[in-house]
Amino acid sequence: MINKPLHNFHIPVMGLAYTIDSPIRVAQYGISSVISIIDDEIIEKMKNFYSRKFNLTYAEIPVKADDYRARRITDYLNMVDEIVTEKFGAFKEDLVKNRATLKRFTEMLPNTSELRKSLQSFLGQSGDFTAAVRRCIETHLNPGSIDVNIMTKVDKDNYRDHEQLPVMYNDAHASLRGFANSRLSAAVVLSAGMNPRLYSYMETFDDFFRMLTDRSKRRLSLRSAISGRP
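Draft legend 1. Quick peek at the pattern of salt bridges. In the structure shown here, the tally under the stated rule is 15 salt bridges. When the shortest N-O distance is used, the salt bridge between R25 and D21 registers 3.2 Å. The partner of R177 in a salt bridge is D67, with the nearest N and O atoms 2.6 Å apart. Placement of R177 in helix α7 (residues 171-180) and of D67 in the loop between α2 (40-53) and α3 (68-97) is noted, with a sequence separation of 110 residues between them.

Written as structure tokens, this is what we have:
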């Protein structure tokens, strides 16, 4: 049974946009990455771009829409998850059917990887080993995690018709809500300082609590400690 992680690295968050679409590019190889979800304008533009690229239905969420920040983030993360799932399925089929693809992927894995050793044993065989490779891949290969980052101090108050909105509509709060309402089962990385109000807000979402009695429930986790730098 393979217990070790597939890769010994991940792609950390890089600014507001440098890793905004990293999961779409690398998650099918089992590589985890972290994307920033604090800037809903960038996210809406990326949702539009990738909807056209992958022939998906694009439903614009205008700034006048109710709770538009959180909804934009939720829609984008769900779209990324959908694209990653599709690309991962296609990649697995290619691994099974294409010996060259299988060889290249095997060479990507660290030398200590148990999956690498298993795949290398198949490559060293002659004849048809398609069924064995398929079983191995289905059992041990998973897409990389689509983790998210929220800079906790980027939590400005927002207004509508010159009236201040409740705290839950602040930037970081809306980002957290957008993530919590998405389909992702992943980690949220909080950075850039302390925000007690935001941490308390996490308690309002059941998925941030460990569910020991229900393994099928989607669970969210806090991956990193809070730092004083973004």
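Draft legend 2. Seen up close, the side chain of S33. Mapped onto the fold, S33 is located in strand β1 (residues 33-36). A relative accessible area of 1% means that S33 is categorised as buried. Apart from residues lying up to four places away in sequence, S33 is in contact with I11, S22, P23, S145, I146 and D147.

Draft legend 3. Local environment of the packing of aromatic side chains. Here the structure, examined in full by the defined rule, presents five aromatic pairs. On the numbers, 4.9 Å between centres and 85° between planes, the contact of F49 with Y50 is edge-to-face. The exposure class assigned to F49 is partly exposed, which follows from its relative accessible area of 39%. Centre to centre, the rings of Y50 and F54 are 6.1 Å apart; their planes meet at 25°, and the pair counts as stacked. A relative accessible area of 23% places F54 in the partly exposed class.

Draft legend 4. Broad picture of the packing of helix α4 (residues 99-108) against helix α5 (residues 114-123). Two elements in contact, α4 and α5, have axes separated by 9 Å at closest approach and are oriented at 145°. For the element pair α4 and α5, the recorded crossing hand is left-handed. Residues R99, L102, K103, F105, T106 and E107 of α4 touch α5, and the partners they reach there are L115, R116, L119, Q120, F122 and L123. Split by residue class, the contact of α4 with α5 holds six nonpolar, two polar and four charged.

Draft legend 5. Summary view of the environment of Q164. Examined against the element boundaries, Q164 turns out to sit in strand β4 (residues 163-164). Q164 sits in the partly exposed class, given a relative accessible area of 43%. At a separation of 3.4 Å, a polar atom in the side chain of Q164 contacts the side chain of Y159.

Draft legend 6. Representation of the nonpolar core within the structure. Formed by 34 residues in total, the largest nonpolar core has its most connected members in I37, Y76, L77, I150 and F179. Elements with a contribution of two residues or more to this core: α2, α3, β2 (146-151), α7, β5 (187-191) and α8 (196-202). Top element by residues in this core is α3. It accounts for seven residues.

Draft legend 7. Examining α2 more closely. For α2, with 14 residues, the first-to-last C-alpha span of 20 Å sits near the 20 Å given by 1.5 Å per residue. Every buried residue of α2 is accounted for by D40, I43, E44, M46, K47, Y50 and S51. Taken down its axis, α2 places every buried residue within 165° of arc, on the same side. Opposite the packed face of α2, turned more than 90 degrees from it, sit the exposed residues E41, K45, R52 and K53. Where α2 is buried, its residues meet α1 (22-26), β1 and α3. Residue D39 occupies the N-cap position of α2, its side-chain oxygen lying 3.0 Å from the main-chain nitrogen of E41. Remark: N55 follows α2 within two positions and exhibits a positive phi of approximately 55°.

Definitions and cut-offs
- Every chain is numbered independently, its residues counted from 1 as its sequence is written.
- A pLDDT threshold of at least 70 governs which residues receive local features in this predicted model, and a stricter bar of 80 or more applies before side-chain atom pairs are shown or counted, although totals over entire chains, interfaces and linings include all residues.
- Side-chain calculation: all heavy atoms of the structure are included, whereas hydrogens and water are not.
- By definition here, a salt bridge exists when the distance from a side-chain nitrogen of Lys or Arg to a carboxyl oxygen of Asp or Glu is within 4 Å.
- Only DSSP runs of H or I reaching four residues or more are called helices, and only runs of E reaching two or more are called strands; each is numbered from the N terminus.
- Remark: exposure states derive from per-residue accessible area (1.4 Å probe, protein chains only) relative to the maximum for the residue type, with buried under 20%, exposed over 50%, and partly exposed in between.
- In what follows, a contact means two residues having at least one pair of non-hydrogen atoms within 4.5 Å.
- Two rings belonging to Phe, Tyr or Trp (six-membered ring only in the last case) form a pair when the distance between their centres is within 6.5 Å. Interplanar angles under 30 degrees mark stacking, angles over 60 mark edge-to-face geometry, and anything in between is tilted.
- A fitted line through C-alpha atoms serves as each axis, taken over the contacting stretch for helices, and the angle formed by two N-to-C directions is quoted from 0 to 180°.
- Handedness of a crossing is defined here by the sense of rotation of the near helix relative to the far one, left-handed for an anticlockwise turn of less than a right angle and right-handed for a clockwise turn.
- Ten residues, namely Ala, Val, Leu, Ile, Met, Phe, Trp, Tyr, Cys and Pro, are considered nonpolar, four, namely Asp, Glu, Lys and Arg, are considered charged, and the remaining ones, Gly among them, are considered polar.
- Definition of a polar contact: a pair of N or O atoms within 3.5 Å, with one able to donate and the other able to accept a hydrogen when the atoms are protein atoms, and with sequence-neighbouring residues admitted only if both atoms are side-chain atoms.
- Nonpolar core, defined: a set of buried Ala, Val, Leu, Ile, Met, Phe, Trp, Tyr and Cys residues in which side-chain atoms within 4.5 Å join the residues together.
- A helix is expected to span 1.5 Å for every residue after the first.
- Relevant arc is that of directions from the helix axis to the C-beta atoms, nothing else.

These results come straight from atomic positions and should not be treated as a statement about function.
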